[in-house]
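# Coordinate analysis (summary)
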Amino acid sequence: MFSYLFLFEAVTDTPDAVLDASAHVTCGGTGHSCSKTARTDALAVQVAHVVARAARLDDPSRNGGNREVAENGDDHEYQVHAVRCVQGVVRICNEIGYPVMLKASMGGGGKGMRLIHNENEVVEAYNTARSESMSSFGDDTVYLEKFVEEPHHIEFQILGDNHGNVVHLFDRECSVQRRNQKIVEESPSPFLTPELRKEMGEKAVAAAKAVNYSGAGTIEFLVDKNRNFYFLEMNTRLQVEHPITEEVVGVDLVKEQIRIANDEVLHLRQEELFQRGHAIECRICAEDTENNFMPSPGIIKQLTEPNGIGVRIDSYVYEGYEIPIYYDPMIGKLIVWATTRQYAIERMRRVLYEYKITGLKTNLSYLKRIMHTPDFVKGEYNTLFIEK
């Protein structure tokens, strides 16, 4: 099985070009996260390469000899070239095999994504993905990757300083998604074994070191039902779901960012970091879940936020605040911590019932239902959970 990275970009001198950086590696991963800047493109290719090398998957004998990587001694260099027509896109899709996924390079929140099941869907998906990417992000760069069916979306938090030190702060399970946008996250992942968690953490650190990464970042993976993992992307920032890592590891990630920016040496050591207890985050959104999740702007008339031991709220709204129509509908994050996953679920159930917002529609009732769904309670779910 191959994993590929392709970058599609309408560049100035080739307005309908497809740039593909072909990395034919096996389950070290589907590397991407490219944008139109050369620096970010190089970063993504380097990260994809080091994950493959760290997993000892860059041996041509292990991928059937299908390799479009130029070799110079022991170093491997990725070939990037332009395919200047839609027929070239079709060829690439046929080459790597269906299903495949088109994604907006500058995107997020599921925008500019199209799943392609067969050759007949390629042209329409390519055109609509680019159009949506341009309208949402002002950039129509899209990339293509092999689609992993029934995956878990699991990411690793990393911290790196300016002196070559990198640590990971373990995993976050982000598979409760609607239209590829995260709704609920938890840490640790109930799906990972201790051995797999250790291996994925080591790969995340190796990837960050390969590009001399400095600051807080996230290495994201897809993990299939057989627990094979694939490199997905690197987010070079602090993410929405970072509080659950702070709760289980006991590290203030924002404070560490400031220390790193001040050129301090990272004082954390990998052998001293542990996950303690369990944390869950629910994204509170102003949207009408009974009307296709339409945004629900308006004025907050009443706001009662829960509190207590193991309860945290990151929000910006208050009574009398008007939710505008111009931004993402998320208005807050509700985080709980407890000694076990079951206790954390019970605590989240309680605080969701205590959370009161009137004057507009929210997804609180929807989140309550998730916390009572048997598959979630048992930890037996993947990214298809919401669809089911």
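Everything quoted here is computed from the prediction, not taken from an experiment.

### Considering the environment of isoleucine 219
With respect to the helices and strands, isoleucine 219 occurs in strand E12 (residues 215–223). Along the chain, isoleucine 219 and alanine 207 lie twelve residues apart, while their C-alpha atoms are 8.1 Å from each other. In this view, isoleucine 219 contacts Ile154, Glu155, Phe156, Ile158, Ala204, Ala207, Phe231, Glu233 and Met234; residues no more than four positions away in its chain are not counted.

### What about helix H8 (residues 364–372)?
Given 3.6 residues per helical turn, the α-helix brings residues three or four places apart onto the same face. Restricting attention to buried positions, one finds in H8 the residues Leu364, Tyr366, Leu367, Lys368, Ile370 and Met371. Looking at the buried residues of H8, the elements they touch are strand E10 (166–178), strand E11 (181–187), strand E14 (278–285), helix H7 (341–354) and helix H9 (374–378).

### Focus on the confidence of the model for the protein
Predicted confidence across the protein gives a mean pLDDT of 80, with 77% of residues reaching 70 or more. Ignoring residues within four places in sequence, the model shows residues 1–46, a span with pLDDT below 50, making 164 contacts including any to other chains.

### Considering the side chain of serine 133
Within the secondary structure layout, serine 133 lies in helix H3 (residues 122–137). Taking relative accessible area as the criterion, serine 133 reaches 0% and is therefore assigned buried. Residues in contact with serine 133, not counting those within four places in the same chain, are Ala104, Gly138, Asp139, Asp140, Thr141 and Val142.

### Focus: the packing of H7 against H8
Here H7 crosses H8 at 160 degrees, and the two axes come no closer than 10 Å. Judged by the angle between their axes, H7 and H8 are roughly antiparallel. Crossing of H7 against H8: the hand is left-handed. Where H7 approaches H8, its residues Ile345, Met348, Arg349, Leu352 and Tyr353 are matched on the opposing element by Leu364, Leu367, Lys368, Met371 and His372. Classifying every residue of the contact of H7 with H8 gives seven nonpolar, one polar and two charged.

### Some remarks on the pattern of salt bridges
Within the structure shown, the criterion is met by 19 salt bridges. A salt bridge links glutamate 155 to arginine 172; the shortest N-O distance between them is 2.7 Å. With glutamate 155 in strand E9 (residues 152–160) and arginine 172 in strand E10, the pair connects residues that are 17 residues apart, well separated along the chain. Neither residue differs from the other here; glutamate 155 and arginine 172 are each classed as buried. Given the relative accessible area of 0%, glutamate 155 is considered buried. Residues participating in the shared-partner salt-bridge network are Glu155, Arg172, Lys182, Glu185, Glu220, Glu241 and Arg283.

### Topic: the nonpolar core
Note that soluble globular proteins tend to have their nonpolar side chains buried in a common cluster. Core analysis: the largest hydrophobic core is formed by 34 residues, its most contacted members being Val184, Ile284, Met348, Leu352, Ile370, Met371 and Phe376. Taken together, the elements giving at least two residues each to this core come down to E11, E14, strand E21 (330–338), H7 and H8. Contacts of methionine 371, omitting those with residues within four sequence positions, involve Val184, Ile280, Cys282, Ile345, Met348, Arg349, Leu352, Phe376 and Val377. If you look at the next biggest cluster of nonpolar residues, it comprises 20 residues, including Ile154, Met200, Val205 and Ile219.

Quick notes on the rules
- Residues numbered from 1 in each chain as written.
- Predicted model: local features only at pLDDT ≥ 70, side-chain atom pairs only at ≥ 80, totals over all residues.
- Heavy atoms only, no water.
- Helix = DSSP H or I, 4+ residues; strand = E, 2+ residues; numbered from the N terminus.
- Contact = heavy atoms within 4.5 Å.
- Buried < 20%, exposed > 50% of the residue type's maximum accessible area, 1.4 Å probe, protein only.
- pLDDT = per-residue confidence, 0-100.
- Axes fitted to C-alpha atoms, helices over the stretch in contact; angles between N-to-C directions.
- Parallel < 35°, antiparallel > 145°, perpendicular 65-115°, else oblique.
- Left-handed = near helix turned anticlockwise from the far one by under 90°.
- Nonpolar A, V, L, I, M, F, W, Y, C, P; charged D, E, K, R; others polar.
- Salt bridge = Lys/Arg side-chain N within 4 Å of Asp/Glu carboxyl O.
- Core = buried A, V, L, I, M, F, W, Y, C linked by side-chain atoms within 4.5 Å.

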